[in-house]
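# Chains, contacts and geometry: an overview
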Amino acid sequence: MYTDPIADFLTRVRNAIAAGHRVVEVPASNLKKEMTKIMFDQGFILSYQFNDDKVQGTIKIALKYDKITKESVIRKIQRISTPGLRKYVGSSEMPRVLNGLGIAIVSTSKGVMTNKKARQENVGGEVLCYVY
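Values in this document were obtained by computation on a predicted structure and should not be read as measured data.

Bringing the side chain of Arg79 into the picture now. Here Arg79 lies in strand E4 (residues 77-79). Owing to a relative accessible area of 14%, Arg79 belongs among the buried residues under this scheme. A polar contact is formed between the side chain of Arg79 and the side chain of Asp4, at a distance of 3.2 Å.

Shown next as structure tokens:
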């Protein structure tokens, strides 16, 4: 049993990229579904599918690769706020990832969103991960 489901989600994606897989399957949760939708909207993954056939369900994620170099679009995916050390930021000190080229996924009181959207809506929250 793993104690950090978000870290497990990110590690499964990271390992699938390192192995060159096209599709990765992860156990579903509402937070993971929102993170997957954000990664799709920002163009980091090709597509996703939610399967709610079992009690928990699964998320199938089709990873995106460059057509010419066959390199993954996701260069790095990094967990920031861990169960042992939570990282909270206000709207004014929202992080800029890779000078604005990457995204930070933030869990706010208004839902899970990117750092740019959180800055626009003037809300702070817990920085879950960086994706670039």
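The next subject is the pairing of strand E3 (residues 58-63). Two faces belong to every sheet, and in a regular strand the side chains alternate between them. Counting buried positions along E3 gives five out of six residues, so the element sits mostly inside the fold. Sheet topology note: the strand E1 (residues 23-27)/E3 ladder contains five bridges and is antiparallel. Bridge assignment links Val23 to a residue of E3, and that residue is Ala62. Looking at chain direction, strand E2 (residues 45-51) and E3 are connected through six bridges and run antiparallel. Across the sheet, Gln49 pairs through a bridge with Lys60, a residue of E3. Linkage of E2 to E3, two consecutive antiparallel strands, is achieved through a turn of six residues, within which Gly57 is found at a positive phi near 85 degrees.

Before going further, it helps to spend a moment on the side chain of Thr114. The topology assignment puts Thr114 in strand E7 (residues 111-114). Every residue in contact with Thr114, bar those within four places of it in the chain, is listed here: Ile38, Gln42, Ile103 and Ala104.

Reading the values: the criteria
Residues numbered from 1 in each chain as written. Predicted model: local features only at pLDDT ≥ 70, side-chain atom pairs only at ≥ 80, totals over all residues. Heavy atoms only, no water. Helix = DSSP H or I, 4+ residues; strand = E, 2+ residues; numbered from the N terminus. Buried < 20%, exposed > 50% of the residue type's maximum accessible area, 1.4 Å probe, protein only. Polar contact = N/O pair within 3.5 Å; in protein donor to acceptor, adjacent residues only side chain to side chain. Pairing = 2+ DSSP bridges. Contact = heavy atoms within 4.5 Å.

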